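# Structural overview
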Amino acid sequence: MTAIGKDLVGLEHLSPEQIRLILDTAEPFKEVSERPIKKVPALRGKTIVNLFFEASTRTRISFEFAEKRLSADTVNVAVSGSSVSKGETLVDTARNLEAMRIDMVVIRHGSSGAAQFLGSRIRSNVINAGDGKHEHPTQGLLDLLTIRDRHGRIAGLKVCLVGDILHSRVARSNLWGLTKLGAEVGVCGPRTLLPRGIEELGVQVFDRIEQAIEWADVLNVLRLQLERMEKGFIPSLREYYRVFGVTQERLAQARRDITVMHPGPMNRGVEIDSRVADGPHSVILDQVTNGVAIRMAVLYLLAGGKPELADAAKRGSAGGGAE
Amino acid sequence: MTPHNDRSILLDARAFARALQRMAVEITALAPAAEHLVLIGIQRRGVELAERLAQLIEKDGGPSVRRGALDITLYRDDLETVGPKPVIGETRIPGDLSDSHVVIVDDVLYTGRTVRAALDELADFGRPRRISLCVLVDRGGRELPIAADVVGKAVKTGPRDRVDVGVKELDGKDEVTVVRGGPA
């Protein structure tokens, strides 16, 4: 067992200290990506399988860069999972991977709970890269790191998640991480896309984006899945933009300096105005940069740090970052 | 800690200062062309020592000395024993190292594994013309064929002994103590 457990399935099961440890460990990894040779030997000899049952570009590439910059050997498996039933596939896959003596699996899967399921069946470390509507923990962590970079802290900040909260694993990981680190969380979106009873979790609900902008220090604008319109959750994309779009004009009304985030990929002109996405409030590309550092930190922590062998390393009083 | 521990002072503040002064002179002798000199401290206490040595060299009327910091955690060959909360310090390399004379500065030289890792890491930042090693305390016990060019104080120790280096910036005072842990 490592300092953050055997697997990273979600932020729900991590303590605030464990989340801070990951964020602090990510700090030095930012610098590794700025070196002339962007590579350290920390994970030399480890074999990592990137098992993607759902399409992903950014997350898969980000994990792959993180793995390669730590000198791990990586294999990408893209499964266009449609025909096979998920239970059988995953058990079979798990057994085959174990037989090949791998060390870690990064899994993205359309079913909530897939990462937990796999982690409980193999000895290798499992990292959840997004499972159904459950969690996307490394996205949540990189959002936390980006907020901390920009504001110097997380506790006491007001962070509003905007858009499709109901179907979003990014929203779920953000909710867990932000509340554990002491932020105030709000949500804003059409009632059809908010989970029923979300107020009971201590979350502020805003029906109008103008109110959310007035309240928040940070807006995390979620991607609107275009198929939501076909399924009747929203009347039309134009209507959505008119009512909930984060536009230049609306931000101009903000009373304080507001940070705008988006996990990507963006629908410009649907949930976010192009001028906002490319403007001074946006930290969208910082999120992408931080994503590699966060994933390096998670891989590094899961690969090492066995407490029973750790006595020798306990000297020194170095602390972490702010927060 | 066993009750038989025996702690003795190897360098008090004055001896510490004298050792540093002598080391600064020896570094200058190693590298007559000071504009090529780069002092790189190994996290954590090596960084403070490198800064002090650089100041001493500059005080003697020498040109300004470039300094940097190196954290070798990610280059260790024992990741699984690093501990549950590995703290990785800052790595800061001042510009291009090719054509420079790098002096690695650390507090204690023991097995040599830290220096081995530091050499590997430096190689990923460029190709210095020369690399030297400068340590405040050489306590013997090498497991690799590595030797220091500049040594503040040499002392014979056993595997159960401990050498503690304190520096003003982090520990309140400059002091080196040896804790004897009894016969191995």
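Residues numbered from 1 in each chain as written. Chains lettered and ligands numbered in written order. Predicted model: local features only at pLDDT ≥ 70, side-chain atom pairs only at ≥ 80, totals over all residues. Heavy atoms only, no water.

Residues and elements named next belong to chain B. When helix α3 (residues 113–123) is considered as a whole, its buried residues turn out to be V115, A117, A118, E121 and L122. With its buried residues spanning 160° around the axis, α3 presents them on a single face. Tucked inside the fold, the buried residues of α3 contact β2 (37–42), β3 (66–70), β4 (101–109) and β5 (130–138). (Buried < 20%, exposed > 50% of the residue type's maximum accessible area, 1.4 Å probe, protein only. Helix = DSSP H or I, 4+ residues; strand = E, 2+ residues; numbered from the N terminus. Arc of directions from axis to C-beta. Contact = heavy atoms within 4.5 Å.)

Hydrogen bonds between backbone groups are what pair the strands of a sheet, and the pairing can be parallel or antiparallel. Residue and element names in this part refer to chain A. Reading across from one edge, β7-β6-β5-β8-β9 is the order of the five strands in this open sheet, with parallel pairing throughout. The outermost strands of the open sheet, each flanked by one partner alone, are β7 (204–206) and β9 (259–261). This sheet shows a mean twist of 20° between the axes of neighbouring strands, independent of strand direction. Against the sheet, helix α5 (residues 137–151) makes contact with β5 (158–162), β8 (218–221) and β9, and its axis sits at roughly 160° relative to β9, the strand it touches most. On top of the sheet, helix α6 (residues 169–180) reaches β5, β6 (184–188) and β8; it is set at about 170° to β5, its chief contact. (Pairing = 2+ DSSP bridges. Axes fitted to C-alpha atoms, helices over the stretch in contact; angles between N-to-C directions.)

With 91% of its residues at a pLDDT of 70 or more, chain B shows a mean pLDDT of 90. ipTM for the predicted complex: 0.76, alongside a pTM of 0.87. (pLDDT = per-residue confidence, 0-100.)

What follows concerns the side chain of D164 of chain A. All names here are of chain A. Assignment of secondary structure puts D164 in the loop between β5 and α6. Looking at D164, the relative accessible area reads 2%, which means it is buried. Reaching out from D164, the side chain makes a polar contact with the backbone nitrogen of L166 at a distance of 3.4 Å. One polar contact links D164 to H167, side chain to side chain, over a distance of 3.0 Å. Not counting chain neighbours up to four residues away, the residues in contact with D164 comprise L193, L222, R223, L224, Q225 and R228. (Polar contact = N/O pair within 3.5 Å; in protein donor to acceptor, adjacent residues only side chain to side chain.)

Before going further, it helps to spend a moment on the pairing of β4 of chain B. Residues and elements named next belong to chain B. Burial within β4 is extensive, with nine of its nine residues counted as buried. Pairing geometry for β2 and β4, over five bridges, is parallel. Bridge pairing in β4 links L39 to V103. Remark: the β4/α3/β5 crossover connection has right-handed handedness. (Right-handed = clockwise from strand over helix to strand, strands pointing away.)

Turning our attention to the pattern of salt bridges. Per the stated rule, a full pass over the model turns up 34 salt bridges over all chains. Between R208 of chain A and E210 of chain A there is a salt bridge whose closest N-O contact spans 3.4 Å. The partly exposed category is assigned to E210 of chain A, whose relative accessible area is 30%. A salt bridge links R113 of chain B to E143 of chain B, with the nearest nitrogen and oxygen atoms 2.7 Å apart. Separated by 30 residues along the polypeptide, R113 of chain B in helix α3 and E143 of chain B in the loop between β5 and β6 (150–154) bring together distant segments of the chain. (Salt bridge = Lys/Arg side-chain N within 4 Å of Asp/Glu carboxyl O.)

Here the focus is the sheet that holds strand β3 (residues 104–109) of chain A. Residues and elements named next belong to chain A. Spatially, β2-β1-β3-β4 is the arrangement adopted by the four strands of the open sheet, whose pairing is parallel. A strand with exactly one partner marks an edge of an open sheet, and here the two such strands are β2 (73–78) and β4 (125–131). The sheet shows a mean angle of 15° between the axes of neighbouring strands, direction not considered. Note: strand β1 (residues 47–52) against β2, six bridges, orientation parallel. Note on β2: the bridge partner recorded for L51 is V77.

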